[in-house]
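# An overview of the molecular structure
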Amino acid sequence: MDSKQSPSPAVRRAPTPVKLVIAGGFGVGKTTTVGAISEITPLTTEAAMTVAGAASDQLGRTPDKTTTTVALDFGVITIDEAIKLYLFGTPGQDRFGFMWHDLTFGALGALVIVDTERIDDCYAAVDYFEQIKLPFVVGINMFDGKPKHSMQEIRWALNIGDHVPLVLFDARERLSVRDALLEVVRTARESLT
Amino acid sequence: MVRPFLDDTAQVAVPARAPIDPPAEIRPYLQTAGRVRPLGDLELEAQVVTTALGRAELLHLKFEQRDIVALCLIPNSVAEVAAKLHLHLSVARILAADIAAEGYLSIVRPDFGGRSRAETLERVIRGLEAIS
Ligand SMILES: Nc1nc2c(ncn2[C@@H]2O[C@H](COP(=O)(O)OP(=O)(O)OP(=O)(O)O)[C@@H](O)[C@H]2O)c(=O)[nH]1
Ligand SMILES: [Mg+2]
């Protein structure tokens, strides 16, 4: 449309963003996980106008009629001067499934958190990541003590292949979360080759 | 994918006819001068950083434009811009893209900046290992 100016240089060099997704069912410890390792208190923003905008474009409706909001939380880890790692938690309720495209777009990997009391809550996430071929790791949140089932049983219940790592971790422990994330990044790296 | 619009109508009670009263809160599309398109799918983690022009013009900018340009003197992701300025995510996206089109912001999308994905992942691994 116009070329009134040549691009002005940025005042700071922007780091390369790398994104991981933290998924799982309702109340399994996603926000706790992000908060345990993020440099900032997990931030929350309202999302979903994308949805209303897209819908109104297609259907000629005014956007205010289709607005719904969802709290989206995320955290940041500065890796080095040039790379920032972002952790995005998926909303727990199924009705916000439409956010998943946005959340996973451009992600390099995901941690699917499982509470062994309610293993099937994570099926939606596992299905979704398998479908979009996003490398993922299943992390069993220990919730005070030993999981109710053996790793073997959990693997069987989830029907995940041997290539999907299964780790035990504690969502409240920084180093435990770090190790779970390391597993995700290593899995992402392996999937490149 | 579930169609968001269908999802909304299925889950949210929306009156068949909109009430005549004006909306109680400022609707996001007002803040974006009537634009509702999400403008490309600017990633949540895309980095927004003020340009030299933006810094020079900062005091002449208004409202959210000024807030965003001031905030992004230090790079921030689109998601951070939304959260820190209490904007709807898609409003932050639209505003960032618009302000960038005017030359006050530069946006770095996650294409690994010429570095290979493998090298980026290696650096992420080293960075995480260094956390104690
Ligand atoms: N005892 C114990 N409590 C935990 C653990 N992880 C999370 N919690 C608690 O479980 C509750 C839910 O955790 P959240 O981190 O909010 O879970 P979430 O997945 O973000 O939940 P939604 O976003 O609502 O789906 C909180 O009260 C946490 O304090 C754990 O490992 N042990
Ligand atoms: Mg949560």
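It should be noted that the structure appears before, not after, this text.
Residues numbered from 1 in each chain as written. Chains lettered and ligands numbered in written order. Predicted model: local features only at pLDDT ≥ 70, side-chain atom pairs only at ≥ 80, totals over all residues. Heavy atoms only, no water.

This part covers the site of ligand 1. Residue and element names in this part refer to chain A. With respect to spatial proximity, 15 residues lie near ligand 1, and among them Gly 27, Lys 30, Thr 31, Thr 32 and Asp 144 are the closest. At a separation of 2.8 Å, an oxygen atom of ligand 1 approaches a polar side-chain atom of Lys 30. The side chain of Arg 172 places a nitrogen or oxygen atom 3.4 Å from a nitrogen atom of ligand 1. For the shell around ligand 1, the element with the most residues is helix α1 (residues 30–37), which contributes three residues. (Near = heavy atom within 4 Å. Polar contact = N/O pair within 3.5 Å; in protein donor to acceptor, adjacent residues only side chain to side chain. Helix = DSSP H or I, 4+ residues; strand = E, 2+ residues; numbered from the N terminus.)

Here we take up the sheet that holds strand β2 (residues 76–77) of chain B. All names here are of chain B. The three strands lie next to each other as β2-β1-β3, forming an open sheet whose pairing is antiparallel. Each edge of the open sheet is held by one strand with a lone partner, namely β2 and β3 (105–108). Alignment of strand β1 (residues 47–50) against β2, held across two bridges, turns out to be antiparallel. Bridge pairing in β2 links Gln 47 to Ser 77. Seen against the sheet, helix α6 (residues 89–101) touches β1 and β3 and runs at an angle of roughly 120° to β3. (Pairing = 2+ DSSP bridges. Contact = heavy atoms within 4.5 Å. Axes fitted to C-alpha atoms, helices over the stretch in contact; angles between N-to-C directions.)

Further remarks concern helix α5 (residues 151–158) of chain A. Residues and elements named next belong to chain A. Within the sequence span of α5, burial applies to Ile 154, Arg 155 and Leu 158. Looking down the long axis of α5, one finds its buried residues gathered within 100° of arc, a one-sided arrangement. Counted as exposed and oriented over 90 degrees from the buried face of α5: Gln 152 and Trp 156. (Buried < 20%, exposed > 50% of the residue type's maximum accessible area, 1.4 Å probe, protein only. Arc of directions from axis to C-beta.)

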